[in-house]
Amino acid sequence: VEKTCDDEPCSHNWFTQHYDSYKNEPPYDYPKTHADVCRTICFLGASHSRWLLRSFREILAPMQDTHRAKHVLLKYPTDYNGTHTHTITKHACTDVVVGVAQWTLSQMKDRLDSPDAFAAQLGSIADDIHEIDPSIRMYFRSVHHNTLKRNALKCKPADSRVPHFSEGYTEAMRGLMETHPILSNQTLGHAFLYTNPIVLPIWDTWEDFSHVKGLPALVEARYMLQHMKVNTTDQPKAPCPFHVRELRRSDFVARVSMSQTIITGLGCCFVAIVWRHKKQREKSAVLPKRYA
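In short, a report on the structure.

What counts and what doesn't
Residues numbered from 1 in each chain as written. Predicted model: local features only at pLDDT ≥ 70, side-chain atom pairs only at ≥ 80, totals over all residues. Heavy atoms only, no water. Helix = DSSP H or I, 4+ residues; strand = E, 2+ residues; numbered from the N terminus. Core = buried A, V, L, I, M, F, W, Y, C linked by side-chain atoms within 4.5 Å. Buried < 20%, exposed > 50% of the residue type's maximum accessible area, 1.4 Å probe, protein only. Expected span 1.5 Å × (residues − 1). Arc of directions from axis to C-beta. Contact = heavy atoms within 4.5 Å. Patch = residues over 30% accessible without salt bridge, like charges linked within 9 Å, V, L, I, M, F, W, Y side chains within 5 Å. Areas by Shrake-Rupley, 256 points an atom, 1.4 Å probe, with all protein chains shown as cover. Salt bridge = Lys/Arg side-chain N within 4 Å of Asp/Glu carboxyl O. Axes fitted to C-alpha atoms, helices over the stretch in contact; angles between N-to-C directions. Parallel < 35°, antiparallel > 145°, perpendicular 65-115°, else oblique. Left-handed = near helix turned anticlockwise from the far one by under 90°. Disulfide = S-S within 2.5 Å.

1. Comments concerning the environment of phenylalanine 209
Checked against the element boundaries, phenylalanine 209 lands in the loop between helix 9 (196–199) and helix 10 (214–227). Note: C-alpha distance between phenylalanine 209 and leucine 148 (61 residues apart in sequence) is 7.8 Å.

Structure, rendered in structure tokens:
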């Protein structure tokens, strides 16, 4: 492998070439409706979803009036409850990207769910999200591989984030997308996002030994956006609902801030007048009567 070093950190030529091959996917016939132009993409997961969120926000920054990305923290699929439902509703999510496997595989709870049990848990989440709003599009992302760490190499292993377990969960997810009555309905826009061909060639080189970052994360995000059919070209004829709400909230905050400034200023003036009057009375009290 040819290796080159410039002012930037060393990189492999094959590395750049590999990711360049994913930059020019064939274009989709993007929907043109107002609802499809305004997208709120919510990432349901933990740290891997949070890092992917950063890449999405970087790509969507020029389109912040019509596209935004949010994070909904969920470590274990069995922990999904009404709080997550409320957060998805509050953010008005149009798309939910589910990526919850790392904590289950890490054996932090001293147990490892089977792939079938894991798929059943994800199916329950899909049912709940569909109940919130049937128009929400759901995407299940393949499990990122982790660099092998001490706990995974112990005998007996205390961490199951190893390639064959990660692939087992990914295949269970793929099977769920094909058999679940809601997720398998292609007309609803749900999809399985298999990004392993992008990230697997360097799965054991992550800088923190866990998370996909930098160029691979950006390419993964662009690949996902294309397969999610996110329209990044058309602008809505009317402002997006969430943008209007945020403008109103900003205006309200500005008004409250101005009111607080005025009230504070009046309060300071009142205190100054009272203090000055008090000083004058004290001065009058100590003067001789003929000067009082």
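From this point on, the discussion continues.
2. With respect to the nonpolar core
Formed by 30 residues in total, the largest nonpolar core has its most connected members in Leu44, Ile88, Val96, Leu122, Ile129 and Phe140. Secondary-structure elements contributing two or more residues to this core are strand 3 (39–45), strand 5 (95–99), helix 6 (115–132), strand 6 (137–141) and helix 8 (163–179). It is helix 6 that contributes the most residues to this core, six residues altogether. In terms of nonpolar packing, the next biggest core, distinct from the first, is built from 18 residues, Ile59, Ala69, Tyr139 and Ala191 among them.

3. Quick look at helix 8
A rise of 1.5 Å per residue sets the reference length of helix 8, with its 17 residues, at 24 Å; its end C-alpha atoms lie 24 Å apart and thus fit the reference within 8%. Turning to helix 8, its buried residues are Ser166, Tyr169, Thr170, Ala172, Met173, Leu176 and Met177. Along helix 8, the residues classed as buried sweep out an arc of 155° about the axis, all on the same side. The exposed set on the far side of helix 8, more than 90 degrees from its buried face, consists of His164, Glu178 and Thr179. The inward-facing, buried residues of helix 8 abut helix 5 (102–105), helix 6, strand 6, strand 7 (191–193) and helix 9.

4. Digging into a nonpolar patch on the surface
A cluster of nonpolar residues, Phe270, Val271 and Val274, forms a patch on the protein surface that exposes about 300 Å² of accessible area. Tracing the chain through its elements places phenylalanine 270 in helix 11 (residues 241–286). Residue phenylalanine 270 is classed as exposed on the basis of its relative accessible area of 57%.

5. Side note on the packing of helix 6 against helix 8
Running from N to C, helix 6 and helix 8 cross one another at 45°; their axes reach a closest spacing of 9 Å. The orientation of helix 6 with respect to helix 8, classified from their angle, is oblique. Crossing of helix 6 over helix 8 shows right-handed handedness. Within the contact between the two elements, helix 6 uses Pro115, Phe118, Ala119, Leu122 and Gly123 and helix 8 uses Gly168, Tyr169, Ala172, Met173 and Leu176.

6. Brief notes about the state of the cysteines
Counted under the stated rule, the structure contains one disulfide. Between the sulfur atoms of cysteine 42 and its disulfide partner cysteine 93 the distance amounts to 1.9 Å. Judged by the torsion about the S-S bond (-85°), the cysteine 42/cysteine 93 disulfide is left-handed. Linking cysteine 42 in strand 3 with cysteine 93 in the loop between helix 4 (82–91) and strand 5, this pair joins segments that are 51 residues apart in sequence. Classification of cysteine 42 by relative accessible area gives buried; the value is 1%. Accessibility expressed as a relative area gives 5% for cysteine 93, which makes it buried.

7. Notes on unusual backbone geometry
The linkage connecting cysteine 155 with the following residue, lysine 156, adopts the cis geometry, with an omega of 5°. Following the sequence through the fold, lysine 156 ends up in the loop between helix 7 (150–153) and helix 8. The phi angle at alanine 92 is positive, at roughly 55°, despite the residue not being glycine. Here alanine 92 shows up in the loop between helix 4 and strand 5. With phi around 55°, lysine 229 is a residue other than glycine that occupies positive phi space. Within the fold, lysine 229 resides in the loop between helix 10 and helix 11. Of the residues examined, lysine 229 reaches a relative accessible area of 39% and is grouped as partly exposed.

As far as function goes, none of this settles anything; it's purely spatial.
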